[in-house]
Structures are given as C-alpha cells and as structure tokens.
Amino acid sequence: MRRTLVMLASACAVGGLLTGGQTATADDLTVLSCYGNAKPYSKLFDVRYAPPTFPGAWFTTTANCADINIKTTAQRRVKVCFLPSGGGVVCQPNWVYTVPNQWTVVATNVQDGTRFGFDFATGGANSGQYAA
C-alpha cells in the first residue's frame, strides 16, 4: 500500500497536476489511498448492524485511512461500535447523519487493526461502502 502511495506521489510530481489543473498535495493522495481501498457493506432489513453477524463478525481498520468513513445509499444515522482488546463492546455515544452517495467520517483517529462494526438507528436495509 505504501508503495502505491509513493508511486502515486511520483506520478503526480512528474505530471505535476491533478484534474482541473491543480497540483497534487499529500492530503489529496491520502484521500485517494483511503477511498480507493473502500470495501462494500450490506445491512439487512430489520438488523441494526453491519456486518450483519455483528457482534460476531467485525470489520478491521487498516493503514489506508486514519478515520472510519462510510458512504451510504440512503440518509442514515450511524455510529461505530468498537471491540476493545480487553473485551466487551463500546459504541460511540452520538449518531452521525450521512448524506446518500457521499463519504461521511464516523470516527476519527482510529488505530490500525481496530475491530469495529456500524450501528444504524433504523432497521431499514442499506448497502454502500466503508473505508477504514
């Protein structure tokens, strides 16, 4: 992954430009790296959690992103629940509202290798992508 980021940085430095004539920044490359490695999720009807077998199964953060991001196909209220190494489940106290088909940051500055799941406020089916 880090090699891909270096190659992207080199390509941008040689080319000098992103679309629209703007020079690439480190932040631009980080966003490309994070969202470029997004994975799909699916939330079943009448189930509040993703992954659907949560809390038995978990997503895991990577070095691709510093935050946990979600792109829903419909407006939703969502929060992240974490599986601490000491056991139990800890969920964020507040809901975050998503905008359909736009990336939303749900949790910030999350360590690589952290196991987590999404808790949705409604039981409606939903799918989309997450990047973490």
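What you are looking at is a predicted structure, and each value in this text was computed from that prediction instead of being measured. (Residues numbered from 1 in each chain as written. Predicted model: local features only at pLDDT ≥ 70, side-chain atom pairs only at ≥ 80, totals over all residues. Heavy atoms only, no water.)

A. Quick look at unusual backbone geometry. Residue Pro51 is bonded to the preceding Ala50 through a cis peptide linkage, with omega at 5 degrees. With respect to the element layout, Pro51 can be found in the loop between strand E2 (49–50) and strand E3 (59–60). The phi dihedral of Asn101 falls on the positive side, at around 60 degrees, and the residue is not glycine. Examined against the element boundaries, Asn101 turns out to sit in the loop between strand E7 (96–97) and strand E8 (104–107). Its identity is not glycine, yet Asn109 carries a phi of approximately 50 degrees, on the positive side. Assignment of secondary structure puts Asn109 in the loop between E8 and strand E9 (115–120). (Helix = DSSP H or I, 4+ residues; strand = E, 2+ residues; numbered from the N terminus.)

B. View of the sheet that holds E8. With antiparallel pairing, the 4 strands of this open sheet are ordered in space as E1-E10-E4-E8. In the strand order of this sheet, the two ends are held by strand E1 (39–43) and E8, each with one partner. Across the sheet, the mean angle separating the axes of adjacent strands is 35 degrees when strand polarity is ignored. In this structure, E1 lies alongside strand E10 (residues 126–131), joined through 5 bridges in antiparallel fashion. The residue of E10 that forms the bridge with Tyr41 is Gly128. (Pairing = 2+ DSSP bridges. Axes fitted to C-alpha atoms, helices over the stretch in contact; angles between N-to-C directions.)

C. View of the pairing of strand E5 (residues 77–82). Counting buried positions along E5 gives 5 out of 6 residues, so the element sits mostly inside the fold. One ladder, built from 2 bridges, connects E5 with E7; its direction is antiparallel. Residue Arg77 lies in a different strand from E7, and its bridge partner there is Tyr97. In this structure, E5 lies alongside E9, joined through 5 bridges in antiparallel fashion. Directly across from Val80, in E9, lies its bridge partner Phe118. (Buried < 20%, exposed > 50% of the residue type's maximum accessible area, 1.4 Å probe, protein only.)

D. Representation of the packing of aromatic side chains. Summed over the entire model, instances satisfying the criterion amount to 10 aromatic pairs. Relative to Phe120, the ring of Phe118 lies with its centre 6.4 Å away and its plane at 50 degrees, an arrangement referred to as tilted. Each member of the aromatic cluster is reached from another via a ring pair, and the members are Tyr41, Phe59, Phe116, Phe118, Phe120 and Tyr130. The ring of Trp95 is capped by Arg77, whose NZ or CZ atom sits 5.6 Å from the centre of that ring. In this arrangement the basic side chain of Lys79 is found over the ring face of Trp95, its NZ or CZ atom lying 4.3 Å from the centre. (Phe/Tyr/Trp six-rings, centres within 6.5 Å; stacked < 30°, edge-to-face > 60°. Lys NZ or Arg CZ within 6 Å of the ring centre and 35° of its normal.)

E. Inspection of the pattern of salt bridges at higher detail. In this structure the tally under the stated criterion is 1 salt bridge. With a closest N to O distance of 2.8 Å, Asp119 and Arg48 form a salt bridge. Note that Asp119 is positioned in strand E9 and Arg48 in the loop between E1 and E2, a separation of 71 residues in sequence. Among the residues examined, Asp119 registers a relative accessible area of 3% and is labelled buried. (Salt bridge = Lys/Arg side-chain N within 4 Å of Asp/Glu carboxyl O.)

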